[in-house]
Structures are given as C-alpha cells and as structure tokens.
Amino acid sequence: MKNGEIIANTRIQGDYYRVVFHAPEIAASAQAGQFVHVRISDRLDRVLRRPFSIHRVEADGSLEVVYKTVGAGTRELAQLRPGTVCDLLGPQGRSFTTPGDDVVPVLVAGGYGAAATYMMTRQAVPKGVLLLGARSKADVILVDEYRAAGYDVRISTDDGSLGGKGRVTELIDGVLHDFAGRKLRFYGCGPFPMLMALAKELRRTGQGGELSIDHVMCCGVGACFACVVKVKADTPEGWRYARACSEGPVFDLEDVYVE
Ligand SMILES: Cc1cc2nc3c(=O)[nH]c(=O)nc-3n(C[C@H](O)[C@H](O)[C@H](O)COP(=O)(O)OP(=O)(O)OC[C@H]3O[C@@H](n4cnc5c(N)ncnc54)[C@H](O)[C@@H]3O)c2cc1C
Ligand code: FES
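Residues numbered from 1 in each chain as written. Chains lettered and ligands numbered in written order. Predicted model: local features only at pLDDT ≥ 70, side-chain atom pairs only at ≥ 80, totals over all residues.

Undergrad: I'd like to hear about the overall build of the chain, residue by residue, with values.
TA: Within the chain one finds seven helices and 16 strands. The C-alpha atoms of the chain give 18 Å as radius of gyration, which agrees with the globular expectation for 259 residues (18 Å, within 12%). Expressed along its principal axes, the backbone C-alpha trace of the chain runs to roughly 50 × 45 × 35 Å. Here the chain holds 259 residues, and 44% of them are scored as buried. (Helix = DSSP H or I, 4+ residues; strand = E, 2+ residues; numbered from the N terminus. Rg over C-alpha atoms; globule rule 2.2 N^0.38 Å. Buried ≥ 20, exposed ≤ 12 C-beta atoms within 10 Å, placed from the backbone.)

Undergrad: Which residues make up the pairing of strand 15 (residues 239-243), and what are the values?
TA: Judged from the five bridges that link them, strand 14 (residues 228-232) and strand 15 form a sheet pairing that is antiparallel. Bridge pairing in strand 15 places Val-228 opposite Arg-243. (Pairing = 2+ DSSP bridges.)

Undergrad: Now, about the site of ligand 1: what can you tell me, with residues and values included?
TA: In the region of ligand 1, 22 residues are neighbours, and Tyr-67, Gly-71, Gly-73, Thr-74 and Asp-214 sit closest. Listed by contribution, the elements that provide at least two residues to the shell around ligand 1 are strand 4 (50-53), strand 6 (62-68), helix 2 (72-79) and helix 3 (113-117). Among the domains, domain 1 (2-92) and domain 2 (103-215) are the pair contributing at least three residues each to the shell around ligand 1. (Near = placed C-beta within 6 Å. Domains from an automatic or database assignment.)

Undergrad: Break down the domain arrangement of the chain for me, citing the residues and quoting the values.
TA: When cut into domains, the chain gives domain 1 (2-92) and domain 2 (103-215). Each of domain 1 and domain 2 has a C-alpha centre, and these two points are 24 Å apart. In this complex, domain 1 contributes 13 residues to the contact, which on the side of domain 2 involves eleven residues. Of all the elements in the fold, those that place two or more residues in the side of domain 1 that touches domain 2 are strand 1 (2-13) and strand 6. Among the elements that line the side of domain 1 that touches domain 2, the one with the most residues is strand 6, at three residues. Residues of the side of domain 1 that touches domain 2, tallied by class, amount to six nonpolar, five polar and two charged. (Contact = placed C-beta atoms within 7 Å. Nonpolar A, V, L, I, M, F, W, Y, C, P; charged D, E, K, R; others polar.)

Undergrad: Which residues make up the environment of Ala-244, and what values go with them?
TA: Mapping Ala-244 onto the fold places it in the loop between strand 15 and strand 16 (250-252). Separated by 107 residues in the primary sequence, Ala-244 and Lys-137 have C-alpha atoms spaced 29 Å apart. If we ignore the near neighbours within four places in the chain, the residues touching Ala-244 are Ile-213, His-215, Met-217, Cys-227, Val-229 and Pro-249.

Undergrad: Describe the sheet that holds strand 5 (residues 56-57), naming the residues involved and giving the relevant values.
TA: If you walk across this open sheet you meet the seven strands as 4-3-7-1-2-6-5, and the pairing is antiparallel. The open sheet terminates on both sides in strands that have one partner only, identified here as strand 4 and strand 5. Sheet topology note: the strand 3 (residues 35-39)/strand 4 ladder contains four bridges and is antiparallel. Counted as the bridge partner of Val-38 is Arg-50 from strand 4.

See the structure below:
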C-alpha cells in the first residue's frame, strides 16, 4: 500500500474526470495496461477499493487516472480535493507487451478504455492508430491527447453523433487496407461485449493482439476470485477460470475464450 496525494481532480467533459496523484513509487514502475486499486474512502460502505487503469505517469512522480462517474465510489472520488491522500495499491496486474520497432500498434478502445491504452503511445516506437468507439459523442474522450502523441485517430459511435455510425470493429477493415504489407498488433480495452466482438474479428482476419478484460474486482491481488474470466485451457470444457486482477487484466488474444 502506498499513499497518493491528490494534486488535481478536474472534470474533462460530461461524466469524465482526470485525477492526478503524487505516487512516485508506483509511477516509476507502471507499464501500459496496469491499474491502481484505489481506496476512495474509509467510510464503512466504501472500504472496498476501486480499480482504475493507469492513464499516464511522469518523471516527477505524478500518476493520472481518467474515470467516469458511474456509481457511489466514483462520484465520491470526484468530490475529493487536492491535498487529500488516498491509499493506492499498484501497479497491479499484467501489462500490454511492447511491440517491436517494425510493428504498427493498433489500439482499439471503447469508452473509458481509451484511458488504459494511452500509455502504449509512449511505450511503442512507431506511431500507430487508435480506433475509438463509443455509444455517442459524450463518451468519446482523449482524442486531442492521442493526436498530440502522433496517433491516427478513427472514431465510430453507435448513434453516429461523431465519426462513422456503427461498431468500432467495423473500422478494422480500413486499417488492414491502409496498412497492407505492414506488421500490425492490436491492443484492446473496453466493455466486455466489445472485446468479444474484437476477438472474433481479429481471429477472422488473422491478426494478433492483446485484450484488457476489466472485470468487476474486489481484492485486486488474486486472493478472492471475484474477478474470474474464462480463458482457453486444455480441459474437457476447453476453458478455465483466470483471475483478471493477477493473471490479467491483459490477456493474449490466443488465450481469450469466446463463447
Ligand atoms: C482493471 C480495471 C481498470 C479500470 N479502469 C478504469 C478507468 O481507467 N476509468 C474508469 O472510469 N473506470 C475504470 N474501471 C471501472 C471502474 O473500476 C468502475 O467504474 C468503478 O469501480 C465503479 O465504482 P463505483 O463505486 O462508482 O460504482 P459501483 O456502485 O460499484 O457500480 C456502478 C455500476 O458500474 C458497474 N461497474 C463496476 N465495476 C465495473 C467494471 N470493472 N467494469 C464495468 N462496469 C463496472 C457496476 O456493475 C454498476 O452497474 C476499471 C475496472 C477495472 C477492473
Ligand atoms: S479481485 Fe480478488 S482475485 Fe481478483
């Protein structure tokens, strides 16, 4: 457990916020795809921690999280002012791998998943592509940050309020066409149904990649089995349960079990 003093906690747009902690020890070793498990309050009904992807770290020890207010814990987090000290656990979980210099990274993010894939823009050498999907314009976040990092940002929304109308997986064919002859690797994070659709599409098109499966968590350290997801295994059923917090949240596409 480490303390993280809040340096800033501001609204980005709509229900989305950015909180910056001073957490030098965690920031020093954080990798793309890992998360911090944040104890938001000591109040009895909020003793459970909440997991958030590490969005960005800096050499000065700052660590950023971008979050959407969806329930009591995140709404309480949004109320915390600079100077508040939170108890942080991290960096937790398995990270994305860093692609070779000859590989173009294709990030595929749904909603707040864009917060998780952002660290790849700093770890991967060739600038890549971000395929960003959301229900509507209100859930399209961090576009300017990705563009400033040199990424080609392509957007789709379910209702067509920004970018193309449709599912984010429908943008994959365009990338395969535009980067024909180049080696690609896909890195996904977003809602579970989106990740399953992405896994099917990548298998259909013969692409490799990794998916961050952000299952609801409790202990965050592999002890309680609250976060299990199915992964492929040599069992009669063809799958086994894996703990998303400690064996994931990032899983190789080869291991992802699609029903
Ligand atoms: C590894 C990991 C990384 C995450 N990274 C981020 C992030 O960068 N930014 C961000 O905004 N959120 C992220 N989340 C989701 C975040 O942890 C939840 O939104 C948060 O715990 C909700 O807490 P709450 O008390 O506000 O809501 P609760 O009252 O606990 O729940 C409110 C609603 O949110 C749903 N919910 C809770 N946890 C999750 C989850 N893991 N995935 C989907 N729905 C959930 C509940 O089912 C419920 O419908 C991440 C989750 C995981 C597991
Ligand atoms: S949250 Fe407890 S084992 Fe993963």
